[in-house]
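# Notes for the structure review
Listed below are the residues making up each chain.
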Amino acid sequence: MTPRRGTGTPATARLGALVLALLVALALFGLVFSGPDRDQGESVRIMYVHVPSIWVAYIAFIVTAVCSAAYLSKRNRSLSWDRVAGASAEIGVLFVAVSLVTGSLWGRLSWGTYWVWDARLTSTAFLFITYVGYLAVRRLGGTQRQRARRSAVLALLAILEIPLVHFSVRLWRSLHQEATVATGGTDVHMDGLMLFSLFLGLVAFTALYVWLVLHRQRGLTLEDTVADRGLDAAISARRSEAVG
Amino acid sequence: MSRSRIARSVARKDLRIEWNSRILTNQVAPFAAIVMVLFAFALDNEGILQRVAPGLVWLATMFSMLVVIQRSFAVESADGALDALRVAGVDPVAIFAGKSLALAVQLLVLEVILVFTAVVLYAVDISASGFGLLVVTVPVATVGLACVGTLYGGLAAGVRGRETLLPLLLLPVVAPVLIGATRATESAFASGGATVSEGWPWVGLLAVFAVLFVAVGSVAFGPLIDE
Amino acid sequence: MSRSRIARSVARKDLRIEWNSRILTNQVAPFAAIVMVLFAFALDNEGILQRVAPGLVWLATMFSMLVVIQRSFAVESADGALDALRVAGVDPVAIFAGKSLALAVQLLVLEVILVFTAVVLYAVDISASGFGLLVVTVPVATVGLACVGTLYGGLAAGVRGRETLLPLLLLPVVAPVLIGATRATESAFASGGATVSEGWPWVGLLAVFAVLFVAVGSVAFGPLIDE
Amino acid sequence: MDTVIELNDVVAVLGGFPALAGVTMSVHRGEIALLQGPNGAGKTSVLRVCAGLLPIERGSGRVLGIDLATQREDIRSRVGLLGHQNGLYLDLTVEQNIRFWAATVGATENEITGAMSRMRIDGRLAGVKASQLSAGQRRRTALASLTVRRAEMWLLDEPHAGLDAAGRDELDALLRAAVQAGATVVLASHESERANGLASRVITIDGGGAR
Amino acid sequence: MDTVIELNDVVAVLGGFPALAGVTMSVHRGEIALLQGPNGAGKTSVLRVCAGLLPIERGSGRVLGIDLATQREDIRSRVGLLGHQNGLYLDLTVEQNIRFWAATVGATENEITGAMSRMRIDGRLAGVKASQLSAGQRRRTALASLTVRRAEMWLLDEPHAGLDAAGRDELDALLRAAVQAGATVVLASHESERANGLASRVITIDGGGAR
Ligand code: HEM
Ligand SMILES: Nc1ncnc2c1ncn2[C@@H]1O[C@H](COP(=O)(O)OP(=O)(O)OP(=O)(O)O)[C@@H](O)[C@H]1O
Ligand SMILES: Nc1ncnc2c1ncn2[C@@H]1O[C@H](COP(=O)(O)OP(=O)(O)OP(=O)(O)O)[C@@H](O)[C@H]1O
Ligand SMILES: [Mg+2]
Ligand SMILES: [Mg+2]
């Protein structure tokens, strides 16, 4: 790895510029071009952040799971799989948080309360907790390979939460007559521009995700090398403990 | 040495430890029962008790389960037995199966006590069909709980910092079981006007989780407890 | 060596152990918070949450307290430190005072977190006077709980056989505190149409218990931890 | 020269089992007395009785002139006991442990630093959590915490166990110095050569009795 | 005569601390190798690495021909480890403990009774809860549970600690018999006289290194 300031490369720099442009475009379409919604009013604009961010979070967690599987399956287990998995999970948690916040803000506007103990909201909260737990497990210590193995297994368990979240609404609905509100998707009537803005959001956030992951996994690589350097120092100190 | 025989001897060992120390019968069960009584005190306004009784039963089960799990792995790490198990090259799948089995048995005892307490304390009257539903719900839910509990209990054993995670990791996974079991029990208790027929689909959900956790647990336990 | 100085160093030791191991902040508090979430999820039908929120806060406190106490005496008996304390001829009253103090501090932290969680999760809105009531209720209840808890822990730390009786012994004793605190908090939260003025008598009751347990504890602790 | 330990036909019960079934022995001030005997003989129990931890069921005894039957609590503050366990707080660092025990007996800063250097607890080691110590490092921490106290009598249960060669010699020197200073030492040990070399009196315990 | 343990500049980390900072050593089949060195040198860690419990961070090594870096799990079933801790279930009786460990490795009734009698576990003792044992009785129970297994290599961490005079001699005889039967023994000990008499090779560990 050639010594370099920061974790960027010309490529990521260009990608960063693209991300910026996409976000600006999203802001324009989301706030200016697309009109207010019939029953949601202006508040519908939150959707352009709320929905893409959760979907990108899904993507992030799936990437984590895939990389974890790759790590476990590969003969020559390369730690870079593990680092990508970790980076992706971190960014994913970030996006879930965004979706939670925007969602509850939207909730305040459209149902007058930040939070209800409805299936989707709660399952989303659990999704968040699950991956916070995953990140905590990554910090448990032990050797890098131990960390990789342990967290890879956990990632493959955690991914099961996503279908739970996704189908929670239908699952709970179908089983139990309880007014579940957070399924606006069905009652938000979408005109073309809205739909476009929504998918513009998806594209922009995905690009943002890729950009962040690239940087983060390089960061993790550097962290590991720094840890190795620290170990070198500790080892020589330890050797000098010898009395005889 | 066949896997199932080792699993059985692990389970027998755990149950014998329980039998010798009587932690469950003398400590956890009374505790759980008293918790129910306290609930009765704390929540006894406008007779909402009947309505929330099912939820309370399964919450009490959850909390007691945490105690039982911690205990079940405390005995392993108390004098370094877990290391000994690892060095003995005992098949992790067997350990998982054995400990889950023992945990399931203990949970069953607990749940029976709790349901009984609930019926008595909260004046729940339960129909024959509701009883049938309950008889299916409890074991199915228990299998799921026992497996997932053992799985994460194993992760939480060993290194100190880890135990921090047990509730954190357990909650999201257990929540569906908790909900399913609660809803099914509500129908069984006919609390809040729920009907028995509404309960069965939930039992189906519980079954799915049970199968899932059995499979996942057997695969994942080894790597998780293993340093 | 003056009794109060020893008590302080015992308290400092316990708090430092907590600080080094972070069990309370990393383990008990999240657990308690999660307990609240589970309650919310299990009981959130027909919006009875606001009404039962106070009861839940104090139940969660109870559960967490049991964990903290067990921990507080586990560290004593883990490597035989309690024997060392006894042989060091450390005045039992000082030990009791010190450990109760440390326990009270930890409980306070916990209760603040729990009340906060309740206010957020259960959408409780609290008036100024209600807040005042709360500010008095929590510490007073805590003193009582801490003293009983330490007493109970001392009992638990002794011969194995004893601990089986503990939940049975302790919870009935704590129940009045639990109820008093719950009622006072209900008035503070104005849940179920309770008014703040209704709350103060309960605080009085709590105060009585606190004084009682401080006295009883100081007298009874020595004989208890002593084989 | 006066008797500091005097047990007459003492019976002590542990979990329903008579760990001591009639022990009769005496130790004089300034002696190093060695308790020896097979596993399960009752050595640890004798030490715990002498420390006032284990109540006596039958028989009579006086330790430092205090009657075991009636006021054994008063013995404690005057003796120092090192059991099979080290009595450390695993979540405290080595130094925090030692300073806590020092505080309970009001030891001075000099005594603390003295005790630490005597057990070669310095630099990195002082700041390590007890849970991260090796077996022998724990033993040394326990001995340091013990020696910050000015006990009239030391009761040591296999004190050499786990100590390295240097540590063993340091300990022996320490004990010899203590008896010079007028203290009394009772130790249980299975390392006969070393212990016999140290002891001025050997008491053999077997089947819960001493003869 | 083949090499059963071969460590090349092995580094192992415990809680961020390099317990082993470059250990290079080798042990041949049929040897009794003694690990000696000051407290905190790394003896226990070496044994745990050889048992496949402690992963190695750097360097390379083979135990019984198995690579430590990639398949250390496979080592376990073939070695027997006695640590500072005894690995007993305190709520089980002595016999229940031994029989459990026997069951996990499918030992025969003869092997069980043999192991118990070898450690003088009989009559009353067999039925006592492990929590009610004296220190040495626990050690003996642990040794009995260990010897029901037919391990190719025994890793013993201060095995003599707590054993009475008779027990020590029995243990030594047991180890000599084991190496006769083709097993290999690695033990860590601070009792130099006894251990040196036993060992056919002495490895000195210090400051996390062997040289
Ligand atoms: C804290 C509150 C909220 C949370 C945690 C939340 C969570 C989620 C999640 C996880 C999804 C993805 C569903 C999937 O495709 O798997 C989603 C989608 C969506 N949410 Fe929310 N949401 C919240 C509030 C709201 C509110 C208040 C509205 C509008 C009234 C809303 C409208 C939507 C829409 C339109 C979608 C996309 C269509 C769909 O997949 O259902 N959400 N939300
Ligand atoms: N908690 C207990 N409950 C019942 N019996 C006990 C208990 N502790 C010890 N014993 C029994 O008391 C007897 C004496 O125990 P003690 O520890 O004094 O022996 P010891 O001489 O110290 O042995 P060792 O040399 O192994 O340390 C033993 O036979 C033991 O089985
Ligand atoms: N869990 C741990 N975390 C951090 N450091 C540890 C841990 N366990 C041991 N150490 C350190 O590793 C070093 C080696 O420990 P180890 O137990 O191998 O020494 P040892 O040679 O067995 O000592 P002893 O003779 O006292 O048993 C010690 O300096 C110790 O401080
Ligand atoms: Mg002893
Ligand atoms: Mg060691």
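None of the values given here were measured: they were computed from a predicted structure.

Criteria and thresholds
- Residues numbered from 1 in each chain as written.
- Chains lettered and ligands numbered in written order.
- Predicted model: local features only at pLDDT ≥ 70, side-chain atom pairs only at ≥ 80, totals over all residues.
- Heavy atoms only, no water.
- Near = heavy atom within 4 Å.
- Polar contact = N/O pair within 3.5 Å; in protein donor to acceptor, adjacent residues only side chain to side chain.
- Areas by Shrake-Rupley, 256 points an atom, 1.4 Å probe, with all protein chains shown as cover.
- Salt bridge = Lys/Arg side-chain N within 4 Å of Asp/Glu carboxyl O.
- Helix = DSSP H or I, 4+ residues; strand = E, 2+ residues; numbered from the N terminus.
- Buried < 20%, exposed > 50% of the residue type's maximum accessible area, 1.4 Å probe, protein only.
- Contact = heavy atoms within 4.5 Å.
- Pairing = 2+ DSSP bridges.
- Axes fitted to C-alpha atoms, helices over the stretch in contact; angles between N-to-C directions.
- Parallel < 35°, antiparallel > 145°, perpendicular 65-115°, else oblique.
- Left-handed = near helix turned anticlockwise from the far one by under 90°.
- Buried area = accessible area lost by both parts, 1.4 Å probe.
- Donors = N, O, S within 2.8 Å, 3.2 Å for Na, K, Ca; no water.
- Phe/Tyr/Trp six-rings, centres within 6.5 Å; stacked < 30°, edge-to-face > 60°.
- Core = buried A, V, L, I, M, F, W, Y, C linked by side-chain atoms within 4.5 Å.
- pLDDT = per-residue confidence, 0-100.
- Patch = residues over 30% accessible without salt bridge, like charges linked within 9 Å, V, L, I, M, F, W, Y side chains within 5 Å.

Attention now goes to the site of ligand 3. Near ligand 3 there are 21 residues, and of these Ser134 and Gly136 of chain D together with Lys43, Thr44 and Ser45 of chain E occur at the shortest range. In the model, an oxygen atom of ligand 3 is placed 2.7 Å from a nitrogen or oxygen of the Lys43 of chain E main chain. Its free accessible area being 640 Å², ligand 3 has 91% of it covered by the protein chains.

Further remarks concern the pattern of salt bridges. Enumeration over the complete set of coordinates arrives at 50 salt bridges over all chains. Linking Glu152 of chain D and Arg78 of chain D is a salt bridge whose minimum nitrogen-to-oxygen distance equals 2.7 Å. Linking Glu152 of chain D in the loop between helix H7 (135–147) and strand E7 (153–157) with Arg78 of chain D in the loop between helix H3 (73–76) and strand E6 (79–82), this pair joins segments that are 74 residues apart in sequence. The class for Glu152 of chain D is partly exposed, based on a relative accessible area of 28%. Since its relative accessible area comes to 29%, Arg78 of chain D is described here as partly exposed. Residues joined by salt bridges that share partners form a network here, namely Asp82, Arg83, Arg138, Arg147 and Asp224 of chain A.

This next bit is on the environment of Asp172 of chain E. Residue and element names in this part refer to chain E. Within the fold, Asp172 resides in helix H7 (residues 165–180). Here the alpha-carbon distance between Asp172 and Thr104, two residues 68 residues apart in the chain, equals 26 Å. In this structure Asp172 touches His160, Arg194 and Leu198, once residues within four positions along its chain are discounted. A distance of 2.7 Å separates a polar atom in the side chain of Asp172 from a polar atom in the side chain of His160.

Residue and element names in this part refer to chain E. In terms of strand pairing, strand E1 (residues 3–14) meets strand E4 (residues 58–63) through five bridges, oriented antiparallel. Looking across to E4, one finds that Val11 is bridged to Arg58. Alignment of E4 against strand E5 (residues 66–67), held across two bridges, turns out to be antiparallel. Across the sheet, the residue bridging to Val63 is Ile66, located in E5.

The angle between the axes and the distance between the axes are what describe a pair of packed helices. Across the interface, helix H5 (residues 144–158) of chain A lies against helix H8 (residues 196–225) of chain B with an axial gap of 9 Å and an inter-helix angle of 160°. Comparing the axis directions of H5 of chain A and H8 of chain B gives the class roughly antiparallel. As H5 of chain A packs across H8 of chain B, the resulting crossing turns out to be left-handed. Of H8 of chain B, the residues touching H5 of chain A (which contributes Arg149, Arg150, Val153 and Leu157 of chain A) are Val216, Ala220, Pro223 and Leu224 of chain B.

Our next topic: the interface of chain C and chain D. Taken together, the contacts link 27 residues of chain C with 26 residues of chain D. Roughly 2200 Å² is buried in total at the junction of chain C and chain D, and carbon and sulfur atoms are behind 59% of that figure. If you sort the residues of chain C by the area they bury against chain D, Asn20, Asp79 and Val87 of chain C come out on top, with a joint share of 28%. Run the count over chain C and chain D and you get one salt bridge. Residue Asp83 of chain C pairs with Arg48 of chain D through a salt bridge whose shortest N-O separation is 2.8 Å.

On to the coordination of the iron atom of ligand 1, then. The protein supplies the iron atom of ligand 1 with one donor atom, His50 of chain A (NE2), which lies at 2.2 Å. Examined against the element boundaries, His50 of chain A turns out to sit in helix H2 (residues 47–73).

Residues and elements named next belong to chain E. Those protein atoms acting as donors to the magnesium ion (ligand 5) are Thr44 (OG1) and His84 (NE2), and they sit at 1.9 to 2.2 Å. Note that Thr44 is positioned in helix H1 (residues 43–50) and His84 in the loop between strand E6 (79–82) and helix H3 (94–105), a separation of 40 residues in sequence. When its relative accessible area of 27% is taken as the criterion, Thr44 is described as partly exposed.

What follows covers unusual backbone geometry. One non-glycine residue, Arg120 of chain D, lies in positive phi territory at about 55°. Mapped onto the fold, Arg120 of chain D is located in the loop between helix H5 (109–118) and helix H6 (123–126).

Time to look at the packing of aromatic side chains. All names here are of chain A. As enumerated under the stated definition, the model contains 16 aromatic pairs over all chains in all. Judged by centre distance (6.5 Å) and plane angle (35°), the ring pair of Trp55 and Phe199 falls under tilted. A residue pair is termed long-range when its members are at least 10 positions apart, and Trp55 in helix H2 and Phe199 in helix H8 (residues 192–240) qualify at 144 residues. Owing to a relative accessible area of 32%, Trp55 belongs among the partly exposed residues under this scheme.

Grouped together as the largest cluster of nonpolar side chains are 228 residues, with contacts concentrated most on Phe61 and Tyr131 of chain A, Tyr122, Tyr152 and Leu170 of chain B together with Phe63 and Tyr122 of chain C. Filtering out sequence-adjacent residues up to four positions away, Tyr122 of chain C remains in contact with Met36, Phe39, Ala40, Leu49, Gln50, Ala53, Leu56 and Thr117 of chain C.

Residues and elements named next belong to chain D. When the pLDDT values of chain D are averaged, the result is 91; 99% of them are 70 or greater. Per-residue pLDDT, averaged within each element of chain D, yields its smallest value for strand E10 (residues 209–210) (76) and its largest for strand E8 (residues 184–188) (95). Overall fold confidence (pTM) sits at 0.88, and the ipTM for the predicted complex is 0.86.

A few words on the side chain of Thr141 of chain D. Here Thr141 of chain D is to be found in helix H7. Each residue touching Thr141 of chain D, except ones within four places of it in the same chain, is listed here: Leu88, Val94, Ile98, Ile121 and Leu133 of chain D.

Next up on the list: a nonpolar patch on the surface. Residue and element names in this part refer to chain A. A surface patch of nonpolar side chains, about 650 Å² in accessible area, is lined by Val24, Leu28, Leu31, Val32, Phe33, Leu193 and Phe196. The dominant element in the nonpolar patch, judged by the number of residues it contributes, is helix H1 (residues 10–33), at five residues. You can see Leu31 is positioned in helix H1.

Turning next to the pairing of E6 of chain D. Successive residues of a regular strand alternate their side chains across the two faces of the sheet. Residue and element names in this part refer to chain D. Here E6 shows a buried face lined by Val79 and Leu81 and a second buried face lined by Gly80 and Leu82. Examined bridge by bridge, E6 and E7 share four bridges and lie parallel to one another. From the neighbouring strand, Gly80 faces E7, where its bridge partner is Trp154.

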